[in-house]
Structure formats: structure tokens, C-alpha cells
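Each chain, letter by letter, is given below.
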Amino acid sequence: MTNMKKYLLLVLCAGLLAGCNGGANDNGSTTDSQISVQGDTLVVPPTSTIAARLVCDTVGESNYAATLTTSGVVKAIPSSYAEVSAPFSGRVVRSLVRIGQKVKAGTPLFEISSSDYSEVVKRLLQTKSELDMAKRGLDRTQDLHDNKVASVKELDEAKTAYSLAVEEYHHAVAVAKEYQLDIKKAEVGQPMIVRAPLSGEVLQNDLVIGEYLKEDAATKVVVADLDKVWVKANVSEMDAPYVNGIEGVEVSLMARPDSVVTGHVTYVGGILDPDTRTVETIIECNNPRHLMLPNMYAQVRMQIHSRNCIVIPKQAVLQSEKGRYVLVKSGENTYVRRFVEVQSIDEHFLRVIKGLNKGDVIVKEGAFYLIDKH
């Protein structure tokens, strides 16, 4: 084959490739030299290949109830959840509950033998004995004073001793109650009984009979009431202002997508997380069957109160370095770029917060073909 024939073949192949591309550039948008651009204004003559691809529509208001969708994590309500540890170092004598057992506040969970606890009991019994002695001394001195035998000074000293004894005893009682000690049954040498601080279900029991527990030992017993739980969801910065207008909440577990639970928002965080750009939102849900377990993942759907607003399709909004914008028709074959603030309301539509007015005509479809004209 001669060099001339090779050259003609290459030219023919290049022409065929150009015809197959249909004039498209690398990013998929169509080029058209007939389109004129001046600043944010574009003129697309009817003879342009792009003109037929542009579909315009007049912007109007509609009553729309948006739905915010986000992920969340199930958590026990803090006031209904307790990690129970031994307040003193000691050896486990007995475990009195099993996992899954229902307990009431004050139910014995386990017993430990502790020298520190024994000191608390001794102190309680000692102050009780000293109080009884001081009371008898005061009664005797009062009787002597009434019979002109004891002086006023001796009576005052007896009263002072009694007041100090009462104070010491009350302090010892307060300490004993802090450790759930039964004041009436306190005896030296008894093991300490650790009790449930709240009513609920035993979710964890890792006790081993005979093991020695230190004060800083890891939690061994967990008790929680799961009849109600929280779902902690993170709402995006853009959606956060609308959480206070929530009309209803539906929660579905990742592990049980067919099971939908209703709930209500009980708290909206006042601080934006600088890393995730989200606001923590807490949803409270009834959980009578205990299907929602702590740390389960969930999908959260929040329905916002319906309102009149401007809604446009997502494909009408383009993105530039300066922000999001739409193409507004300003005259015959003429379009102007206008920046807007929008909020996603579902997978197909956006709610316009700022930038468009009722009656504006925008490019609803085909705006993508003009994305490289700015």
C-alpha cells in the first residue's frame, strides 16, 4: 500500500469516528458553535442542535410534604440503663440473677465479701452504739438537773455530746444507704449485697463465683428497661432547620427491614458536629416486644409538615465552583444562570429555599447540555 493510500484511509477513519460521536465532547455534553455566551447569559438559536433538547417549565408553588431520610443507631434510654459494678474491691460469693431475668429496683444481683464493706458496717454499728450511749447520758443528766443535782454546764455538755453522736450516726447511715445496706439487718461479717438500681431486664451477667473484683473492674452486670428506646440519628446541616417541623417519624431496623416502628423527636442537638456536618437528633420509640436492641442500625424517615413551596426536578439544577444554579429563560432563546439554595426532599425533587420565584420559567430538562457553556 502506498503512502497516499494510507493517508486517505486514516482521514476516512477519522471522519467516521467524528460522525459516530455526534459532536459530543469528552464529558458527554454537546458542543454547538452557534450558542453565544456573555457572562451568565446564553443565547441558543432555534437552529442549534441543543435547542430541541431543552424543555422549559413555569415554576409554581405546590403543597408538598418532604421526607428526610437518614441512618440511626438504637440506644437504651440513659435513665433506664445501668452498668452495675462492685463499689468495693472484694470476692464474688454468689450470683443471684441470670441473663434475661426481669428484676425490680432493689432486687439483689450478687454478693461480694469485702473488708472495705465490713468497715462501713462496723462504723455504722459503732456510731449507733455511741448514739445510744449519748442518749442515755443525756437522759440521766437531765434527770439529775431536774432534781437539782447536775449543773447547767453538765447538762449543756450532755446535750452537745448527744448532738455530735446524732450527726455521726446520720453520716454513717447516709454512707450505708449509698451502698444499699439494710440498716436494720446490718451485721459484721456479712457479705455485701449489690442490688439493681432500677427495674428492667438483665442484659449482661459476666460474674464468676470466686473471682476477685477490683474497684476499677470492668462492668459485670447490665440492667436496662427496653420497653422504650432511643434512636440517635444524624441529620445533615442542610436538613437540620426543618427537624423542628417534623410531623411523624418511622424507623426500620437494618436487621428487620419489614418491621416499621413509629416514634417522635424528643431532642435536637444544639451543636453541629464539625467533622460530619450533622446534628444529633434523638427519636423515642415504644419497644414492647424488645425487637430494637441497643447498638442496632436503623433507617429513619421523618415527615415534615406539608407547606406551600417551589419544587423542581433534580436534573434542572447544575453545579459549579460557585454553587448550585438553574437556567432561567429571560427572553426568546435566551437563558440566564441563577444561583439557588435547595433542599433534597426525595430522590427526584428539590425544594427551592432561595433563588426562584413563582412564575419564573426554567430549563426543566436538557440543562446538562449547556453545562460547559459557562
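Refer to the structure presented above.
Let me begin by describing the structure that accompanies this report. Remember, it's a predicted structure, so these values are computed and weren't measured experimentally.

Rules and cut-offs
- Residues numbered from 1 in each chain as written.
- Predicted model: local features only at pLDDT ≥ 70, side-chain atom pairs only at ≥ 80, totals over all residues.
- Heavy atoms only, no water.
- Pairing = 2+ DSSP bridges.
- Helix = DSSP H or I, 4+ residues; strand = E, 2+ residues; numbered from the N terminus.
- Phe/Tyr/Trp six-rings, centres within 6.5 Å; stacked < 30°, edge-to-face > 60°.
- Buried < 20%, exposed > 50% of the residue type's maximum accessible area, 1.4 Å probe, protein only.
- Lys NZ or Arg CZ within 6 Å of the ring centre and 35° of its normal.

## A look at the sheet that holds strand β6 (residues 81–84)
No. 1: One open sheet holds the four strands; their spatial order is β6-β13-β11-β8, and the pairing between them is antiparallel. Across the chains shown, the open sheet's two edge strands, defined by having one partner strand only, are β6 and β8 (102–103).
No. 2: One ladder, built from four bridges, connects β6 with strand β13 (residues 221–224); its direction is antiparallel. Of the residues in β13, the one forming a bridge with Tyr-81 is Ala-224.

## Focus: the packing of aromatic side chains
No. 1: Throughout the structure, instances matching the rule amount to four aromatic pairs.
No. 2: Residues Phe-88 and Tyr-179 carry aromatic rings whose centres are separated by 4.5 Å and whose planes lie at 45° to one another, so their mutual orientation is tilted. Taken together, the residues span a long stretch of sequence, with Phe-88 in the loop between β6 and β7 (90–95) and Tyr-179 in the loop between α3 (152–178) and β10 (192–195) at a distance of 91 residues. Tyr-179 matches Phe-88 in its accessibility class, with the two residues each being buried.
No. 3: A centroid spacing of 6.2 Å and a plane angle of 70° characterise the contact between Phe-368 and Tyr-369, whose relative ring orientation is edge-to-face.
No. 4: Classification of Tyr-369 by relative accessible area gives partly exposed; the value is 25%.
No. 5: Here a set of aromatic residues connected by ring pairs shows up, and it is made of Phe-88, Tyr-117 and Tyr-179.
No. 6: Sitting over the ring of Tyr-369, Arg-53 keeps its end group 4.8 Å from the ring centre.

## Quick look at the pairing of strand β23 (residues 341–344)
Walk down a regular strand and you will see the side chains alternate between the two sheet faces.
No. 1: Across four bridges, the pairing between β23 and strand β24 (residues 349–354) is antiparallel. Across the sheet, Ser-344 pairs through a bridge with Leu-350, a residue of β24.
No. 2: Between β23 and β24, which pair antiparallel in sequence order, lie four residues.

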